[in-house]
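The lines below spell out each chain.
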Amino acid sequence: MSKCVLITGATSGFGLAAAEKFAQEGWSIIITGRREERLKQLAQTLSSMTSVHYYALDVRNKEAIDTMIEGLPESFKNINVLINNAGLALGRSSALESDLADWQTMIDTNITGLTNMTHALLPTLTQQKSTTVINLASVAAHYPYPGSHVYGASKAFVAQFSKSLRCDLSKHGVRVTSLEPGLAESEFSLVRFKGDQSTADTIYEDTTPLQPKDLADIMYWIATQPAHININSIEVMPLVQTWNPLHIEKH
Ligand SMILES: NC(=O)c1ccc[n+]([C@@H]2O[C@H](COP(=O)([O-])OP(=O)(O)OC[C@H]3O[C@@H](n4cnc5c(N)ncnc54)[C@H](OP(=O)(O)O)[C@@H]3O)[C@@H](O)[C@H]2O)c1
């Protein structure tokens, strides 16, 4: 029987590329996200390669997650890998100018959504041998930058939660990885700048960011390590990205 991966946020970017990668490798895939039409189209495309189940849901909605899991067709019930990829940044302005509703949405999606999905799948993941959780954190978890405030803090939660989970799950054969990318080209910036395509484009202009496929290949590598190996975390940046000197305010 083929192995099964559940991917959140598979309607674009890393999640979509991961769905393509695992499908090409013959895994059964469960794809989720809010935009049902995109899921449907992706399922149609990938079903020539493998078995695909799609379910439109918002990770903030715990009941929707439970309903999805209860309704999984028999052949998709034994999930081997969970990729907690759904997430977003909203706004890039200073904390002083930012919108509290945006902060709440980032907390609800990146923290509550990720923990909703993880908690709901723990019984499934612990029932089987050698399963894996891959959580999408970010370099922003470790390196603050102006305007990263709640986004960076939410990803710091993801990175630390991943390590804490390891302590409880290793005896059950569940591996946990915090994947921490830097600049990567996807719809991430379009979402962050609320549909402002030209501002989003400036982020990737004149540079060579990571591509979703790069992250998908890394996710697949993590998931296919021998059972006795746990990749605790991977921090990955494009070559062109490094660190700023520490900022000193002059007044
Ligand atoms: N791109 C980067 O530079 C970068 C760097 C570091 C980390 N990351 C992280 O990597 C992950 C993937 O980002 P990406 O770059 O691939 O961005 P993306 O292209 O915008 O994809 C984000 C995905 O998350 C889904 N999503 C957002 N809110 C959701 C919700 N409430 N419920 C369910 N799904 C939701 C979106 O689907 P729907 O809108 O259809 O729901 C979409 O499929 C995110 O966690 C992001 O924070 C990105």
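Residues numbered from 1 in each chain as written. Predicted model: local features only at pLDDT ≥ 70, side-chain atom pairs only at ≥ 80, totals over all residues. Heavy atoms only, no water.

> Kindly report on the pairing of strand 5 (residues 131-136), identifying the contributing residues and their values.
Two faces make up the sheet, and in a regular strand the side chains alternate between them. The buried fraction of strand 5 is high, at six of six residues. Crossover strand 4 (residues 81-84) to strand 5 through helix 4 (residues 100-127) is right-handed. In this sheet, strand 6 (residues 174-181) lies alongside strand 5 in parallel orientation, the contact comprising six bridges. Residue pairing across strands places Asn135 opposite Ser178, the latter belonging to strand 6. Running through helix 5 (residues 149-169), the crossover from strand 5 to the neighbouring parallel element strand 6 is right-handed. (Buried < 20%, exposed > 50% of the residue type's maximum accessible area, 1.4 Å probe, protein only. Helix = DSSP H or I, 4+ residues; strand = E, 2+ residues; numbered from the N terminus. Right-handed = clockwise from strand over helix to strand, strands pointing away. Pairing = 2+ DSSP bridges.)

> So what's going on with the packing of aromatic side chains? Which residues, and what values?
Enumeration over the complete set of coordinates arrives at six aromatic pairs. A centroid spacing of 6.2 Å and a plane angle of 75° characterise the contact between Trp27 and Tyr220, whose relative ring orientation is edge-to-face. Taken together, the positions of Trp27 in the loop between helix 1 (13-24) and strand 2 (28-33) and Tyr220 in helix 8 (residues 212-223) put the pair 193 residues apart, joining distant regions of the chain. A residue is classified by how much of its surface remains accessible, and Tyr220, at 16% relative accessible area, is buried. Site record: aromatic cluster; members linked through ring pairs are Phe22, Trp27 and Tyr220. Between the NZ or CZ atom of Arg192 and the centre of the ring of Tyr151, over which it lies, the distance is 5.5 Å. (Phe/Tyr/Trp six-rings, centres within 6.5 Å; stacked < 30°, edge-to-face > 60°. Lys NZ or Arg CZ within 6 Å of the ring centre and 35° of its normal.)

> Could you give an account of the pattern of salt bridges, with specific residues and numbers?
Tallying each qualifying case throughout the model produces eight salt bridges. When the shortest N-O distance is used, the salt bridge between Arg60 and Asp58 registers 2.6 Å. Given a relative accessible area of 34%, Arg60 falls into the partly exposed group. The salt bridge partner of Lys213 is Asp217, with a shortest N-O separation of 2.9 Å. (Salt bridge = Lys/Arg side-chain N within 4 Å of Asp/Glu carboxyl O.)

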